[in-house]
Structures are given as structure tokens and as C-alpha cells.
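Analysis of the macromolecular model
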Amino acid sequence: MNKNLVIRKVAVLGAGVMGAQIAAHLVNANVETLLFELPAKEGEPNGNVNKALEGLKKLEPSPIASPAKITFIQPANYEQHLEKLRECDLVIEAIAERIDWKSDLYRKVAPFLHANAIFASNTSGLSINKLAEAFPEKLRHRFCGIHFFNPPRYMHLVELIACTGTDAPLLDQLETFLVSTLGKGVVRAKDTPNFIANRIGVFSMLATQHHATVFGLGFDRVDALTGRYLGRPKSATFRTLDVVGLDVFAHVVNTMRDNLTDDPWHKYFELPDWFNELVAKGALGQKSKRGIYQKVGKEIQVLDLSSKEYRLSDSKIDEEVKEILRERDWGMKLSGLRRNPHPQAQFLWATFRDVFHYCALQLEHIADNARDVDLAVRWGFGWDNGPFEIWQAAGWQQVAGWIADDIAAGKAMASAPLPAWATEDNRTGVHTAQGSYSPRPQAGEGLGVRGYQPRSTLPVYLRQLYPDALIGEERHDGETVFETPEVRLWHTGDNIAILSFKSKMHTVSNEVLEGILRAVDEAEAHFSALILWQTEPPFSAGANLLQLMQGVQEPAQDAGLFGKIKGAVNRVKYTVAGRGGIGDVLNAAVGNVPHVEAVVAKFQQTSMRLKYAQVPTLAAVDGLALGGGCEFSIHCTRIVATLETYIGLVEVGVGLLPAGGGCKEMAQRAAAEARGGDIFPHLKRYFQKIAMGEVAKSAELAREMGYLKSSDRIVLNRFELLHVAKEEAKALTATAYRPPMHQRQIPVAGRTGIATLKAAMINMREGGFISEHDYNIGCRVAETMCGGDVEAGSLVDEDWLLDLERKNFMELLATEKTQARIEHMLKNGKPLRN
């Protein structure tokens, strides 16, 4: 195989749920893509593919980064277009999970593959070696498995599985493409049923189901116990089954039952009668609007096994168990659950014990090392920590002893003892600075300490300066320049400074503003560039206005006004207890107008320092960038954003307007786009985004909405974000960077533009689409962005627009309805329309 082959064009065979979404993600990454399906029996031959493409537009969350991207997927069918396969460097098969159908398709398309093409099956668990038997023998060295997780755009994991004869360079090339071009986390799995993630994740669900029955717990109670308290998705266990589809889950379990007859846990690879009855009735979960749960009006109901009827969901957890689950130390948490006699606690300990036991015994059969198991479960099932990580964090020897005791006492689901490696006297875990434990013989170049396998040395991983770290691995956090409770300025040994926020949700407080200003000064004095980058998403959920107004630290750490901040309610209530409530605190803050206005002015000053710094400033954005986070980003020299960047000026949600330079910057962009012509059409577009508080649902949409410029960069893999930002910084400094010139002649739409926008809003108000206060806010946004009460075409400078921002912000803050919106956001984490 040609090692230098670049994957330029890809064909996806099968336009079903997975095939169409894989094609969508390929065009998200700007990869030319063909989507094949059987020809339609009537009408347009590509009718089946076209129907699938129409279906993509209706899916939520959207598999496509921008609706415009769908047009880049080229429809094809097996009767007319097989010759087009000769142009493709990678062909991904994604048809139904039947070996006979797949084998027939392989024989049909094989003659049309070009000499160096890679052919990969997206099977979720069928044997890759068995599938390879249907592929021509002379082509098998180019055949492998490539298992995307659903939905492909959002799930980080892709499992890569070789067959016996797969060329090693082919896998390296494909892994490089998946990691950097498609932004995926690749784990190499052995060719065993359901590979790694589904094998462990599905076993965990089966163990959860088994112990829920043993301890008499309802589905809703189990979901309350096995969600965020355990660092897992909110959908927990049974809600996840509904999302995945009960029929899909049944297929995966049946694959385990039919192919793992020697597994010590084989007798548990059966689905209960109630489950099979739901599938038989077509109650498959979310896609059929009924499964283990159903929604009736606004009411969530859950199946009650005792009555076989649906009842109101009740997620009450025992208070003692809840206190144990709030414990952050895994050793204390598992010890507490094991000791506590309550059925809920015993259920959780039993489930953990059996998952640990299963992982230890199956490791050598399914994976090369423990790292691959943990990353597969984290990336494929959304766990914060993998099973081996949790075991290690809880104290390896302690937990191993507990498991062994329960096996001896007959409490475990299987009687097989723990493998010898897991009970070694000196073992403290499986993840170390040298690598992760590998049960296979450690021979050959590139392996570190005996028994431990280091991370991949493929060149693509040099782009991940800070890969997704596991508990026990060594992490070097660079050299600190200065650090405060709110921010840290640091570098990695080069001349590029990096500023990271330390506040919760990376919200912006007065101290963060001071930290940014100090960082810009430091960068100008000692570095060639400054990057704003967070160690984990979000980039920033916005401003902590309550803290900025009253100087109270506690709420500042708990709630970003412009994000949907989880858990803010109780902490804010506690903080303001005895002060007469949030409303009184707001009133007191509003009474201190000079202080509040000074903080808003500092916010504006910070944005302007980022824009006009003597060194390039870059915002490396991942996740939410709302309100002030968005304003900082758009003032930087460059934005480097992950595809999953959700950016917007959302201040209207709390009855305010962007006053950190957001209105000003959008007005400037409208003027620049007009190029001396009519400003209003361009301004109207930006006005609507701000007045409606619109958030871009991807970085591609952010570019279309004007938050990202054409010169800004989009990165598919979030672990490459800092690397790409640094490369952008180097490119900027290589051309003797100078900041932009201050704009002192910005044409504005003036009072004519204000009147036109007001007229449109009056119609919306009278039609009941917006409230009177929405109208008031919109009028102030219009006044600010149009440059105030001046003639259309008047020339103003940035300070003029910033003054208007500040004035209108302060006047809105003084209104009762804005204060009510802020209070509601702090209490409920969602906006109030009043």
C-alpha cells in the first residue's frame, strides 16, 4: 500500500440511520463524499438516498454542522454509479447487521475499488475476520472494521478493528484521518463480539438491570442513582436505552449471547420478558415515543413492572445514600455504599463490583491495554471516568479485596476469580506515568516498563498537547507566569503565553477581567502572542453580573447568568439568605450605579485591549462561548474554534444587551460588509441575532452568523485546539504582526435605521410574538447598533458606540422586569419572558 496516500474522497455504502450520519460528518469535515443506496423502485433512481438526505434535516441534535453542507453529499446507487468507487480512497460499508447481506455487497463492489483504497465495515459487533472471508483474498490486506458511535457527529469514539491480514500502515493511515480530519478518539479493539465499548457498556447495563430486580428498584429510581451522581450522562441507564432504541439494544445483547457462550457471565446475556414484550409491541423508546418511559403532555411516566402500567416518574433517592453519592473521593464513596445496608446502596456497590470484575477478567480478550477500555467507555458511553480509573482512584488493593470477598461469599454474578495480575501485592492501579497495564507479552520496540503500554507514537498525536488524560497518568501543566484564584497565565517553554480561567463554567468576574488585562500586559512585554484557552470546555458561559454588581464571591463561583448553569439555584438561595432575597440584592446593586458602570467599562476596556494588543491575541474556543465569552472571542485577532462551539450574544435572556463591546463590534462588521453602500441590510442581520439571543449550534453556523470571520479557523478534534491556535499565532507573528488601526469613522444607520427596526418590532409586539419588555430591550439594542440619534450615514468612532452600550445597559438594569429576569435565571437556570 502507498503510505503517502491521502484520503480525499470517501464513499459510504448504505443510507440508513448510521450511513447517512457518517456521510454528514464527513462533509462536516469538508471531505468529498458519495452516499450509496439501492436504487428506488420507482421514479428518480437516487430516490432512496435523497429521502435519507431529507431525513438528516429533521434530526435533532443535527448531524450536520450547517444545512448548506448537505448539498455536498453526492447521491449514488449501486446500479448506475459503481464506477465512481474507483475515485474513492476510503469506502465505508454501513448496511444492516447481516453477514449474508454484507458479503453479497462486498462481492458486488470489490471489482470497482482502486488499488490503494481502504475498505472498512461499520459493523457494531460482527466478526471482522468473518466478514473479511467474503472479501477477495487479494484485497483483504486493505479490509478492517471502523465502528462509529451514534450520533457520529457528537460521539468521540471510533473503534478500529483489524482482521488477520490487515496491513499495519493502512490502520495507521486510517487512524490519522479519523483523529485529525474527523476529530475522533480512536481505540484499537480486538476482533471479539461487540468489541470494547459495547461489550463493557452493555454488560454494565445488564448488571444494572439484574441488580435492580434483585433489590426491587424501579426504573426511575435506578436512573436517579446511576446518572450524574456517578459521573455518567443524565439519561443514566433506562433513559439511555430508550434513546438508543430497545430493538438496537436487544440486537447487541443477542450478539453477546450467541457468540460468547464461554463467557462466565453468559447466563445474564438474556433479556427479561418485560423487555421482549415492549419490543414486540413496538414500544422501542424515543423513536416510537414510548418505551420504558413515555411522555404524556408535560408529564414523564415510567413503566411499573408490578402493574405493567405507566405511572408518574419518581426519582427520590434515600437521603443517606444521596450523601454518600455526593462524596467526591471514590474510595470513600464505594466504601460508604458497600457498608450501607440500604437497598439503593447495596444495588450500586453490587453493580460496580460486577463491572470491575468483568473488566478485569475480559481485558486480555478485548483490548491491548486498560487505557483502551477506559477511553472506549468514556468516549462511547459518556462516563466521566472509565471503570479501571474508578477502581484505581478508590484504592486498587482495597477494592480488589472487596471483590474477592464477595466472590468467595457467592454474592458476585460470576464465581470466576479475579485474574492473577489484578491481585498482585504491589499493584496500585493500571494507569501510570509509563503507560497503562497490558496483559499481552511486552516485547518489541516502543514499549516502556514491562507490562505497561505507553500511548501511541503516531505523529498525529503530537498535535494533542494535552490529550484526554486518565487518572494515574502524568500531566505537565507548563510553567506558570502568574496565578490568581480566578486565572492562570502560563506557557509550555516557548514564547506564546496561554491564559486559562479557573472560575466555574469559566464565567467572567471582576477578577477575571483584571487577570486578562494583566495577561495582555505580560504578553506584550515578554511573549510573542497570547492565547485564551481553557483546560476543559466551556470556553466561557458569560459574565457573573451579580458578583460584578455587589462584590459577593459565592454566587460568582456558582452561576453564569447567560449559561444554563446547573446546580446554581440552591447555592444562590443559600448565599442571599438573610439578605431579603435576590431582588433586594439586585436593588442594592443597582443603587450603586457608579460601581456597576465602572465594572461594565472595565469589561469594555478588556475587550478593546484584546483587540488592539501589540501582540496577536487568539481565542481557542470549545463548547459554550456566551455573552461576555463571545465578546472576548470576537475582539481577539483570531478565533480558533472546535466544530462543537456554541457561540452567541445572549444577554437579552436576562433583560440586558451586550455591553462588553458586542453591539459595537457587530455594528462595525455590518459597516465593513456594506463597503460604502447601504449599511442597513447588513446591520439588520446582526441586530436580529442579538435581539433574539441566537446561539450558533456549530462553529460552521457561527461563521455564517458572523461571529467567526473567514480568517478564523475550525478544528474538528478538540484535543488539537491548542496546537492549531499556537500554529496560527506563529503564522501571525511571522509576518511582523501589527494590531489593527483604531476605527474613527464608522458609518451608522442612525435614527432612520432605529425607526425601521422599531416598526418591525411593533408588528411583532402587536402580533404577540414579543412582550413589551422584549420591545424595550430591542429598541435599546437598535439605538446602540444604529449609533443613536444621528443622521443615517453619520460617522462615529468605537468609543461612541461603547458609550451607547453602557448607557442602555445601565438603563435596562434599572428596570424591574430586567431584575426579574436576572432573578429567574439565577433561581431556575433558564430565561424568563415577561
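Keep in mind that what you see is a predicted model, and the values were worked out from it rather than measured. (Residues numbered from 1 in each chain as written. Predicted model: local features only at pLDDT ≥ 70, side-chain atom pairs only at ≥ 80, totals over all residues. Heavy atoms only, no water.)

**Quick word on the pairing of strand β4 (residues 90–93)**
Judged by which residues are buried, β4 turns out to be covered on both faces: Leu90 and Ile92 on one side and Val91 and Glu93 on the other are all buried. Examined bridge by bridge, strand β1 (residues 9–13) and β4 share 4 bridges and lie parallel to one another. Residue pairing for β4: valine 12 is matched across the bridge by isoleucine 92. Where β4 meets strand β5 (residues 118–121), 4 bridges bridge the pair, whose relative direction is parallel. Within the sheet, the bridge partner assigned to leucine 90 lies in β5 and is isoleucine 118. (Buried < 20%, exposed > 50% of the residue type's maximum accessible area, 1.4 Å probe, protein only. Helix = DSSP H or I, 4+ residues; strand = E, 2+ residues; numbered from the N terminus. Pairing = 2+ DSSP bridges.)

**Let's talk about helix α15 (residues 387–408)**
For α15, which comprises 22 residues, the first-to-last C-alpha distance of 22 Å sits more than 12% below the rise-based estimate of 32 Å (1.5 Å per residue). Along α15, the sharpest change in direction is near 105° and occurs at glycine 395. Positive phi shows up at glycine 410, right after α15, with a value of about 75°. (Expected span 1.5 Å × (residues − 1). Bend = angle between axes of the 7 residues up to and from the residue.)

**Describing the packing of helix α13 (residues 343–366) against α15**
Direction vectors running N to C along α13 and α15 enclose 95°, while the axes themselves pass 10 Å from each other. Judged on the interaxial angle alone, α15 and α13 are roughly perpendicular. Counting all contacts with α13, which are made through Trp349, Phe352, Arg353, Val355, Phe356, His357, Cys359, Ala360 and Leu363, the residues of α15 involved are Pro387, Phe388, Ile390, Trp391, Val399, Trp402, Ile403, Asp406 and Ile407. Grouping the amino acids of the contact of α13 with α15 by side-chain chemistry returns 15 nonpolar, 1 polar and 2 charged. (Axes fitted to C-alpha atoms, helices over the stretch in contact; angles between N-to-C directions. Parallel < 35°, antiparallel > 145°, perpendicular 65-115°, else oblique. Contact = heavy atoms within 4.5 Å. Nonpolar A, V, L, I, M, F, W, Y, C, P; charged D, E, K, R; others polar.)

**Some details on the nonpolar core**
Ile292, Leu334, Leu337, Phe388 and Trp391 are the most contacted members of the largest nonpolar core, which has 120 residues in total. Of the residues forming this core, the biggest block, 13 residues, is contributed by α13. Listed in part, the 83 residues of the second largest apolar core include Ala497, Cys663, Ile770 and Phe809. (Core = buried A, V, L, I, M, F, W, Y, C linked by side-chain atoms within 4.5 Å.)

**Notes on the sheet that holds strand β14 (residues 452–453)**
Taken in spatial order, the 3 strands of this open sheet run β12-β13-β14, and their pairing is antiparallel. Either end of the sheet is taken by a strand with one partner, and the two such strands are β12 (431–432) and β14. Of the pairings in the sheet, the one linking β12 to strand β13 (residues 435–437) comprises 2 bridges and is antiparallel in character. Bridging from a neighbouring strand, histidine 431 pairs with serine 436 of β13. Contacts from helix α14 (residues 370–381) reach β12, β13 and β14, with the element oriented near 95° to β13.

**Focus: the packing of helix α9 (residues 246–259) against helix α10 (residues 273–280)**
In the contact formed by α9 and α10, the axes pass within 10 Å of each other and the chain directions differ by 130°. When the axis of α9 is compared with that of α10, the two are oblique. Crossing of α9 against α10: the hand is left-handed. Judged by residue contacts, Leu246, Asp247, Phe249 and Ala250 of α9 engage Phe275, Leu278 and Val279 from α10. Among the residues making up the contact of α9 with α10, the classes are represented as 6 nonpolar, no polar and 1 charged. (Left-handed = near helix turned anticlockwise from the far one by under 90°.)

**As for the side chain of aspartate 622**
Assignment of secondary structure puts aspartate 622 in strand β19 (residues 617–626). Residue classification places aspartate 622 among the buried residues on the basis of a relative accessible area of 11%. Engagement of the side chain of aspartate 622 in a polar contact is seen with the side chain of threonine 642, the distance being 2.7 Å. If we skip the residues at most four places from it in the chain, aspartate 622 touches Pro537, Pro538, Phe539, Thr642, Glu644, Thr645, Arg718 and Leu721. (Polar contact = N/O pair within 3.5 Å; in protein donor to acceptor, adjacent residues only side chain to side chain.)

**Observations regarding helix α5 (residues 168–181)**
Taking 1.5 Å of rise per residue, the 14 residues of α5 would be expected to cover 20 Å, and the 20 Å separating its terminal C-alpha atoms lies within 8% of that figure. Buried within α5 are the following residues: Leu170, Leu171, Gln173, Leu174, Glu175, Phe177, Leu178 and Val179. Immediately downstream of α5, the backbone of glycine 183 shows phi near 75°, a positive value.

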